[in-house]
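# Architecture and fold: a report
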Amino acid sequence: MPDKYRVAIVGSGPAGLSAAAHAAAQGLSHILIEKTDHLSDTIFKYQKGKHVMATPSNLVLRSDLDFDAGKREFILDTWDRQIEEHKVNVRLNAEVTAITGETGNFTIEMKGGDTIQAEAVVMAIGTQGNPNKLRTPGADMPHIQYQLDDPGEYFDEHITVVGSGDAGIENALGLAADPKQNNTVSILNRRAEFARAKAANVALLEEAERDGRINVCRETNPLEVREKEIVLETRDGQVTIPCDRIIARTGSQPPRGFVEGCGIEFTSEERSAFPKLTPSFETTKNGIHVIGALAGYPLIKHCMNQGYDVIEFLMGNDELKPADEPILAEKFAALPGNRSVDEWLEVFRNNIVILRELSPLQMRELMLDSDVAAFDEGDVIFVRNDPGSSMFAIAEGSVLVEVNPDDPSVTVPIGEGSIFGEVGLISGRRRGSTIRAAETTVTMELSRNAALKLLATAPSANRAVNRITIERQLLQMFGSGLTPDDVSELVEAAELVQVPAGKNVIDEGADDKDIFVIQQGSMIVEKNIGGNPIFLSYLPAGSYFGEMAVIDGSKRTATVKAAIKSEVVRFPGDAFMRLLDRNPKLRERALTDMASRRKVNAFVEERKESFSSAVDMYSSTAKFLVDNGLGEATDVLLIDESLCVGCDNCEKACADSHEGLSRLDREAGRTYAHLHVPTSCRHCEHPHCMADCPPNAIKRGPDGEVFIDETCIGCGNCQRNCPYGVIRMDPKPPKKPSLLSWLFFGAGPGPGEASYDWRKKTAEKKGLEQAKLAIKCDMCAGIDGGPACVRACPTGAAIRVAPEKFLTFTKLAEDVD
Amino acid sequence: MASKSDFAYAEQRRDTDHESFLSHKRMRWLKVSVAICLIVIVSYFLVDVEPRHNGGTWYGYTLGTIGAGLIIWLSILGIRKRNISEGRWSLKAWTSAHVYLGLALIVIGTMHTGFQLGWNVHTLAWALMMLVIISGIYGISVYAALPRALSTNKREMTRAQMVEALAAIDRQLETAAQPLDRKESDAVIAALDQDVFRAGFLARLTGKYPRCATKRALRAFPDGSINKAEEKVSSLLNRRTSQLGQIRRHMRYKALLEVWLFIHIPATIALIAALIAHIVSVFYYW
Ligand SMILES: Cc1cc2nc3c(=O)[nH]c(=O)nc-3n(C[C@H](O)[C@H](O)[C@H](O)COP(=O)(O)OP(=O)(O)OC[C@H]3O[C@@H](n4cnc5c(N)ncnc54)[C@H](O)[C@@H]3O)c2cc1C
Ligand code: HEM
Ligand code: SF4
Ligand code: SF4
Ligand code: SF4
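This structure is a prediction, so every number in the text was calculated from the model and none was measured. (Residues numbered from 1 in each chain as written. Chains lettered and ligands numbered in written order. Predicted model: local features only at pLDDT ≥ 70, side-chain atom pairs only at ≥ 80, totals over all residues. Heavy atoms only, no water.)

## Some remarks on the domain arrangement of chain B
Residue and element names in this part refer to chain B. In terms of domain boundaries, chain B breaks down into domain 1 (21–116) and domain 2 (121–286). The C-alpha-based centres of domain 1 and domain 2 are spaced at 35 Å. On the domain 2 side, the residues contacting the 17 residues of domain 1 number 16 residues. In this assembly, domain 1 packs against domain 2 so that about 1300 Å² is buried in total across both faces, 80% of it on carbon and sulfur atoms. On inspection of domain 1 and its partner domain 2, the count reaches one residue pair in polar contact (both at pLDDT 80 or more). For the side of domain 1 that touches domain 2, the element with the highest residue contribution is helix H5 (residues 91–113), accounting for ten residues. (Domains from an automatic or database assignment. Contact = heavy atoms within 4.5 Å. Buried area = accessible area lost by both parts, 1.4 Å probe. Polar contact = N/O pair within 3.5 Å; in protein donor to acceptor, adjacent residues only side chain to side chain. Helix = DSSP H or I, 4+ residues; strand = E, 2+ residues; numbered from the N terminus.)

Structural data, given as structure tokens:
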């Protein structure tokens, strides 16, 4: 063992392994340090037999290790073998706890006190982090574990699960699922409610509690862990229960603290930020490099390429082009001017104001998730009312915004370097106006994910986009005739307010005088009539409210509260009044809007006097729907159970239009007043499912649908993130015999989703790949005729609705049969 | 990127009217059907054919052709329902037209016969047609009446959840029955052993289960004279009864909603066969 290595590689995921293999191949003195007793822990922990994907397919693999799509076991075996063949110097069971020193002379400390010296460090520790450990006396006993791979493994034990999130609940349910295992399972929750877990999981847990299968201890903390016992602190004092095994699922600590502790800066305070990096992956601490998922590249292929690259850079190869160079070259090929990839990257970075802060590496990454296009004068870039959640930036040229839908000749220019389309990004709503190129123009279209990442990492970009958004939203909302100058006073005074779900923004009877614009989320308007809050109306993102009290100086006549977590912009009422005074036309508009809102309110109030029960029904139905996700939906399937005969033709039609799997569970879901919200995608304005998808496979399509494309790698993150449980993970079933051969000869399983057994057996017989991928409703995009569930319903029970149209008195109080 | 998608189109393809199949498009097909019936009835009395109205006159042929065409079209609903092809069709519109035009067949078919019924293949075809129609009338009456009851009975539970709830009660019963004496525990075991889903056709349709072992087991625990363990079992048996009740009502409503199709569809097939025999024989003996 040399006393100082040229490079120490921390973490043996695909990134670290590939780096170590290349170092070994190049004869560089190195050591690979891994916390666990095996290589590549993240992949090791995938479900057994998982099919691992090798996306993006157009990216070449540059590594001394092999990698192609295949079974988890095969990939891990290949790597184990090749790491041995390459004679890589590996040290297992060594968790790095600190890195100190300077470039050329680092000291790496490990748990247990051992140290290693190295000239350079490559950090490839991924993003999984460390599970939070119990901190009670006895927390180091061996019967405490922080993960549960197979709940079917344990028999006849007293098991205590600590933690009240989804992971803990799912573990507890798994351990108690089969009475034959004969486990006595208890779950501890510090609080009285299971607020952090999904409603569906909580319901299952409560059911298990009622059946006596799980012992649920609320407001209970572990006090001390002993051999075969655990001491608990409960509301009624200390209790000791038998306990053979403890499963602690109290979340995990992201690795950020450790990384910052090594002197490495991140791009911002946001949770989603990454370390600041140079093009050769060097951090702000010279000599320490970061690659892989921790650097923001969660796909295995990216990780492996970076492992190779970082070693090349360390060996002084400055000429190396990143492996994604050909992908970028292809993107830029469509642009005029014959510039090289680096030249184009610089043009975009220098010309577009919000990108100036980015490093060349970040710029590259952003570009991979973006599209570029060139337009001639007069070309349409997008059309009013197109759905779209991407944001555009102008690298060269300028565009014209058609501000008046009735007269395309009324336009407002947006110049080089600026952005447009940001409203779709921020509110998830359709495009507000048509935009044309004013001259020869080169644009960059940032996908929603890329744009959000940019806003999270570049604070100045965030501020700039916010300001522009507020200004444009005002101009758009109040119609033509206004100029940026008119609203500048309002924009200056604007304040962005985050509102948690259910919180009031305006209280009935109060006499504050602000007005609000909903930027994200939605609001419901309620009025207290006869002691009960009555639902008056629903306000989607892009609407304004609070103007009544400002205009006529009255007290607030209704309560406005957030239907879901929302973002509103608050403006002082007097500035708004001054704007009205200066613009008689706008004043007229505002008065008309106000009158029509008054009319709706008066209508409901009047009904309340004469048809009290109809209004109560309307009000409670509307609230039920909002509680079930309509407040953030753009398009949702409802089933009127006063018509539904339970034939399940809707599910069958869904399966038959989509490769044989139904994306809708008609029976499951909540029902109120015969209105049923089945388990099916709501196409949320800001889809939770998109948050954490390694290949960015979840997108919003041209009809507003949220869909998953073919790059899905089956990691299951989206399934965990969707609060409505509408995503399923299943392999694509084999093709069925045709309808006629079923009808006449009974061939195959018939219409609708084939049974699990049939799918599995037939796929095995045909030798088909059985990779589980995420599937969900895509609103039958690309299918002529529209959503099959609705077309195939014989009775008219299945309807698809947009919330702002459906949450109205006329719709909810109508009687259908 | 410019997208060509047109907002109005997108709206149209998403937005569906909240309207039942019976009132689809303000009863468009009811109106069509009433008009057809009126025309047929009025023309029947206006048209003077020799020697009298029957299937063999030009007027009879006309009605016969229309009727046979309608029957074929009505039968195709079974394929339309299962062939989820692309295109702007709606099964609701089809069902709506099916129901009202199917009813019009009573007039068309009967006027076609000229009321010349007898014991022959021709009248068999007419009778089968009437059977299909009558079963269809039963069908729409349950379609109109039962969904609300089905929905109310579900209390937001899926079928699988109802079965799971029953299994949960059974697990508790099994444990609770341990301390009981032989006779009582036999009654409980008999209740647990009875397969809930092996119900006869009649039981399913009526919702009456005279041989229900759970009810019988309850009789082993009369109110008043029972100890703590027995009380627990008896209350669990009561819960089991009510859970069984929900499942049985669910099965009953589903059965009532489907049973008529077991007449409607086979009778349709028989009708088509009889129709072919009827047409062939008419031309053969011409
Ligand atoms: C369920 C699931 C399925 C996925 N499927 C795919 C797929 O099909 N295709 C795909 O391309 N991507 C997939 N991904 C993403 C991919 O697995 C990860 O992004 C990738 O493994 C990241 O590689 P890495 O080398 O950066 O870090 P990791 O693979 O996370 O490896 C980090 C290693 O560092 C070790 N370590 C951590 N801290 C220390 C420390 N202090 N000292 C020493 N060692 C330490 C860890 O034990 C671990 O072995 C999936 C992810 C998940 C969760
Ligand atoms: C001779 C006339 C008729 C023929 C040949 C006919 C034939 C059919 C067929 C083949 C089906 C498809 C069943 C399936 O596959 O599930 C069907 C369904 C149906 N029919 Fe008829 N029918 C006739 C008349 C009627 C009439 C008069 C009514 C109502 C008054 C009616 C009501 C229905 C209904 C409600 C359905 C079920 C639709 C569904 O749930 O999908 N039918 N019929
Ligand atoms: S999958 Fe879930 S989170 Fe994603 S859009 Fe649909 S309902 Fe919303
Ligand atoms: S779509 Fe879902 S399962 Fe597929 S890669 Fe994205 S997050 Fe993972
Ligand atoms: S197709 Fe219509 S009637 Fe049949 S189960 Fe679905 S919603 Fe109910």
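So much for the structure itself; the text now carries on.
## Topic: the packing of helix H9 (residues 341–351) of chain A against helix H10 (residues 360–368) of chain A
Residues and elements named next belong to chain A. In the contact formed by H9 and H10, the axes pass within 10 Å of each other and the chain directions differ by 95°. Comparing their axes, H10 and H9 come out roughly perpendicular. Residues Val341, Asp342, Leu345, Phe348 and Arg349 of H9 form the contact with H10, whose participating residues are Pro360, Met363, Arg364 and Met367. Here the contact of H9 with H10 is built from residues that sort into six nonpolar, no polar and three charged. (Axes fitted to C-alpha atoms, helices over the stretch in contact; angles between N-to-C directions. Parallel < 35°, antiparallel > 145°, perpendicular 65-115°, else oblique. Nonpolar A, V, L, I, M, F, W, Y, C, P; charged D, E, K, R; others polar.)

## What about the site of ligand 5?
Inspection of the region around ligand 5 gives 14 residues, with Cys644, Cys647, Asp648, Cys650 and Cys793 of chain A positioned closest. Looking at the shell around ligand 5 residue by residue, the classes come out as nine nonpolar, three polar and two charged. (Near = heavy atom within 4 Å.)

## Things to note about helix H11 (residues 228–259) of chain B
For H11 of chain B, which comprises 32 residues, the first-to-last C-alpha distance of 45 Å matches the rise-based estimate of 46 Å (1.5 Å per residue) to within 8%. By the N-cap criterion, in which a side-chain oxygen at the helix start approaches the backbone nitrogen of a residue two or three places on, H11 of chain B is capped by asparagine 227 of chain B, the distance to alanine 229 of chain B being 3.2 Å. (Expected span 1.5 Å × (residues − 1).)

## What to know about the interface of chain A and chain B
At the interface, 67 residues of chain A touch 48 residues of chain B. Each partner contributes to the roughly 5000 Å² buried at the junction of chain A and chain B, and carbon and sulfur atoms together form 49% of this total. Of all residues in chain A, Val645, Glu667 and Arg791 of chain A give up the largest surface area on contact with chain B, accounting jointly for 13% of the area buried on that side. At the surface where chain A touches chain B, the tally comes to two salt bridges. Its salt-bridge partner being lysine 154 of chain B, residue glutamate 641 of chain A comes within 3.3 Å of it at the nearest N-O pair. Taken together, the elements giving at least two residues each to the side of chain A that touches chain B come down to helix H5 (199–210), strand S21 (380–382), helix H19 (649–657), strand S37 (665–672), helix H21 (739–745), helix H23 (788–791), strand S43 (798–801) and helix H24 (803–806) of chain A. Of the residues forming the side of chain A that touches chain B, the biggest block, five residues, is contributed by S37 of chain A. Broken down by class, the residue content of the side of chain A that touches chain B amounts to 32 nonpolar, 14 polar and 21 charged. (Salt bridge = Lys/Arg side-chain N within 4 Å of Asp/Glu carboxyl O.)

## Digging into the pattern of salt bridges
All names here are of chain A. For the structure on display, the rule yields 51 salt bridges over all chains. For the salt bridge of glutamate 209 with arginine 218, the shortest nitrogen-to-oxygen distance reads 3.0 Å. The class of glutamate 209 is partly exposed, set by a relative accessible area of 28%. Taking the relative accessible area as the measure of exposure, arginine 218 reaches 30% and is therefore partly exposed. In this structure, glutamate 526 engages lysine 623 in a salt bridge whose closest nitrogen and oxygen atoms are separated by 3.7 Å. Of this pair, glutamate 526 sits in strand S31 (residues 522–529) while lysine 623 sits in helix H18 (residues 612–627), and the two are 97 residues apart along the sequence. Taken together, the shared-partner salt bridges connect Lys321, Asp324, Glu325, Asp342 and Arg364 into one network. (Buried < 20%, exposed > 50% of the residue type's maximum accessible area, 1.4 Å probe, protein only.)

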